[in-house]
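Structural characterization, general
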Amino acid sequence: MAPLSNLRRAAPLALGLLLTGCGVTNGLFGGDQPKLGEPTPLKPVVGFAVTPVPQATIAARQILNEGGNAADAAVAAGFALAVTLPSRAGLGGGGACLIDLPKSDGGTGHPTALLFPPGAAPEGNAGAARPAAVPQMARGLIAIQARYGRLPLATDLAPAEAMAGGGVAVSRSFAADLAVVGNALLADPTARAVFATPAGQLLTSGQIMRQPDLAATLTQLQSSGVLGLVQGQLAARFIAAANQAGAGLTMADLRTVKPRYAVPLIIDRLGDLIALTPNAGGIGAAAGIESLAADPQNPSLAAARARAAAAAADHGGPLSDLPASAGYATLDAQGGSVGCATTMNNLFGTGRIAAGTGILLAVAPASVAKPLLAVGLATSNGKFRAIATGSGQQGAAMAVAAGLANAIRSPVPMPRPVPAPGRANVIACAGLLPGAPKTCAAAADPRGFGLAVGSK
């Protein structure tokens with residue numbers, strides 16, 4: 001692995017390569033026959049990444065090109081999103097993932113789910129001015145890397161650490177979130193130091209955002225791993241700073257709340273086995289897929305059933321309109337795939353950063369309506385067919401349902417946008433993987449500012 005200082009120096013050059021438009025779709029790179037006098041191109045490697053922020057997508061592709069699998073790429077993308085899209089994917093938050101890796105990479109031959117939502121403090125946030133969730137994002141990502149990753153954790157973390165320490169251009173996705181919350185975010189001096197210019201104006205698209213405290217935290221995680229999150233100086237410093245920001249958390253909270261593996265929901269529809277996250281978002285997506293399988297020409301009915309099922313599951317009330325989640329997915333050459341949905345339980349969580357750590361605090365679950373976290377994965381005879389992640393809160397479940405249904409019925413990953421307000425990111429192989437790599441492609445939602453790329 002290149003020294004981190006070199007990665008930091010290379011970051012501005014790498015960021016200059018990201019201006020490729022929004023909602024970009026890429027198929028397999030390479031593979032053309034060389035012309036006379038031209039060098040023989042490298043053999044193409046199947047691998048795809050799609051995220052809401054171009055820099056995070058590029059981080060995932062970098063890891064795939066370095067020999068990482070879909071789990072490594074998903075970990076790199078998740079930590080990169082914590083740097084570039086902390087409004088929806090900060091280290092203070094959490095998420096839910098579907099993981100399907102071959103046995104050679106620690107898989108079991110069938111999908112599994114990992115649930116690590118921003119947790120409720122077991123004893124409650126006693127006396128907290130701004131109750132915060134127990135952070136789970138880093139623990140969830142490290143759990144995936146430890147069980148399935150091929151590369152060292154330090155390698156998977158390196159792109160995010162370089163972007164946090166060297167600075168990263170504000171993406172259009174993050175600029176849009178900053179515009180929604182406005183100057184209210186600047187009430188916290190620590191947040192103002194990160195998200196505003198020296199003159200006190202919110203950062204806009206293309207301006208450089210630097211997060212030296214977050215870079216230091218990521219550097220510590222490279223060596224300490226999950227233990228650094230629950231004990232020792234980093235954990236103690238986080239708790240002290242979080243409580244200064246009104247979080248109401250304890251060291252016991254960090255040790256008690258943990259990610260958990262779970263059996264996905266499985267349905268046999270549209271000619272494939274479809275695995276879904278075993279939560280309200282997955283239950284809603286299952287209802288949407290069932291409806292689309294029975295009546296493909298009535299997406300409005302499917303959307304209504306998806307919303308109703310999600311609300312009835314364990315949501316505890318009407319679905320919120322707030323789009324406070326993000327989704328991303330990765331695929332490797334062996335057909336291994338990972339899809340994740342992330343959240344801060346509110347756009348920018350509590351709006352407060354734990355000083356000295358760079359960690360933006362997610363809001364306590366009891367304080368807001370629960371976010372819908374939905375991911376779906378289709379396989380055929382054990383081979384990869386398609387994966388879709390949803391966001392857009394009340395539309396997230398239907399986004400997964402429509403994203404998978406459209407991809408399964410089409411030779412391209414996103415023949416049409418999913419119903420609003422949902423947003424989907426999709427990777428699909430019409431001819432299955434392993435088996436037909438040239439049929440694989442990825443697509444970011446065309447109404448967003450994400451990026452889908454293939455490795456090479």
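Please read these numbers as outputs of a predicted model, since none were measured by experiment.

Once that is clear, we can look at the overall build of the protein. Summing up its helical and strand segments, the protein has 15 helices and 18 strands in all. Relative to all contacts within the protein whose residues are 6 or more apart in sequence, the contacts with residues 24 or more apart total 70%. About 16,800 Å² of surface is accessible on the protein, with carbon and sulfur atoms providing 57% of the total.

Taken as a whole, this structure holds two disulfides when the rule is applied. Shown here is the disulfide that connects C97 with C340, its sulfur atoms set 2.1 Å apart. Taking the torsion about the S-S bond as the criterion, the C97 to C340 disulfide, at about 110°, is right-handed. On the criterion of sequence distance, the pair formed by C97 in strand β3 (residues 94-100) and C340 in strand β11 (residues 337-343) is long-range, its members being 243 residues apart. On the accessibility criterion, C340 (1% relative accessible area) is buried. Taken in sequence order, the bonded cysteines of the protein link in the pattern 1-2, 3-4.

Between side chains of opposite charge, a pair can form when the charged atoms approach closely. A full pass over the atoms with the stated rule returns four salt bridges. The partner of R150 in a salt bridge is D105, with the nearest N and O atoms 3.1 Å apart. Of this pair, R150 sits in the loop between α5 (137-148) and α6 (153-166) while D105 sits in the loop between β3 and β4 (112-116), placing them 45 residues apart in sequence. You can call R150 partly exposed: its relative accessible area is 40%. On the basis of relative accessible area, D105 is assigned to the buried category, the value being 10%. With its nearest N and O atoms 3.1 Å apart, the salt bridge here joins D445 to R447.

Turning our eyes to something else, we now look at empty space enclosed by the protein. Left-over empty space is what a probe sized like a water molecule reveals as it rolls over the atoms. Within the structure shown, the criterion is met by three cavities of 30 Å³ or more. Lining the largest cavity are 13 residues, with P135, L229, F238, L254 and I359 sitting closest to its centre. Considering only residue class, the lining of the largest cavity consists of ten nonpolar, two polar and one charged. Lining the second largest cavity, in full, are A82, P86, G90, L91, F195, Q211, L214, I353, G358, I359 and L360. Here the lining of the second largest cavity is built from residues that sort into eight nonpolar, three polar and no charged.

Attention now moves to helix α11 (residues 232-244). Taking 1.5 Å as the rise per residue, α11 with 13 residues should run 18 Å; its terminal C-alpha atoms sit 19 Å apart, in good agreement. All buried positions along α11 are accounted for by L234, A235, F238, I239, A241 and A242. Looking at the packing, one finds that the buried side of α11 touches α9 (212-224), α10 (227-230), α12 (251-256), β12 (353-354) and β13 (359-360). G246 occupies a position one or two residues after α11 and carries a positive phi of about 90°.

For the rest of this paragraph, the subject is the side chain of D272. Inspection of the secondary structure puts D272 in strand β9 (residues 272-276). Here D272 occupies a buried position and makes no salt bridge, while the nearest side chain of opposite charge, R385, is found at 4.4 Å. Among residues more than four places away in sequence, those in contact with D272 are I267, A378, T379, S380, R385 and I408.

For the rest of this paragraph, the subject is the nonpolar core. As a rule of thumb, soluble globular proteins bury nonpolar side chains together. Among the nonpolar cores identified, the biggest contains 84 residues, and F79, L91, F195, L218 and F238 are the most heavily contacted of them. Ranked by the residues each element gives to this core, the list is headed by helix α3 (residues 70-84), at eleven residues. Each residue touching L91, except ones within four places of it in the same chain, is listed here: F79, A82, P135, Q136, M137, A138, L214, T217, L218 and I359. The next biggest cluster of nonpolar side chains, apart from the first, holds 30 residues, and it includes I274, A302, A306 and M398.

Time to look at the packing of α6 against α9. Relative orientation and spacing of two packed helices are given, respectively, by the angle between their axes and the distance between those axes. Their axes nearest at 8 Å, the elements α6 and α9 cross at an angle of 170°. With respect to their mutual orientation, α6 and α9 come out roughly antiparallel. Two secondary-structure elements touch here, α6 through L153, A154, L157, A158, A160, E161, A164 and G165 and α9 through P212, L214, A215, L218, T219, L221 and Q222. Residue composition of the contact of α6 with α9, grouped by class: eleven nonpolar, three polar and one charged.

Reading guide: rules and limits
- Residues numbered from 1 in each chain as written.
- Predicted model: local features only at pLDDT ≥ 70, side-chain atom pairs only at ≥ 80, totals over all residues.
- Heavy atoms only, no water.
- Helix = DSSP H or I, 4+ residues; strand = E, 2+ residues; numbered from the N terminus.
- Contact = heavy atoms within 4.5 Å.
- Areas by Shrake-Rupley, 256 points an atom, 1.4 Å probe, with all protein chains shown as cover.
- Disulfide = S-S within 2.5 Å.
- Buried < 20%, exposed > 50% of the residue type's maximum accessible area, 1.4 Å probe, protein only.
- Salt bridge = Lys/Arg side-chain N within 4 Å of Asp/Glu carboxyl O.
- 1 Å grid on protein atoms, 1.4 Å probe; cavity = no way out; pocket = protein on both sides within 12 Å on 5 of 7 lines; lining within 4 Å.
- Points joined across faces, edges and corners; volume = space filled by probe spheres on them.
- Nonpolar A, V, L, I, M, F, W, Y, C, P; charged D, E, K, R; others polar.
- Expected span 1.5 Å × (residues − 1).
- Lys, Arg positive; Asp, Glu negative; His and termini not counted.
- Core = buried A, V, L, I, M, F, W, Y, C linked by side-chain atoms within 4.5 Å.
- Axes fitted to C-alpha atoms, helices over the stretch in contact; angles between N-to-C directions.
- Parallel < 35°, antiparallel > 145°, perpendicular 65-115°, else oblique.

Keep in mind that these numbers describe shape and distance, not what the molecule does.
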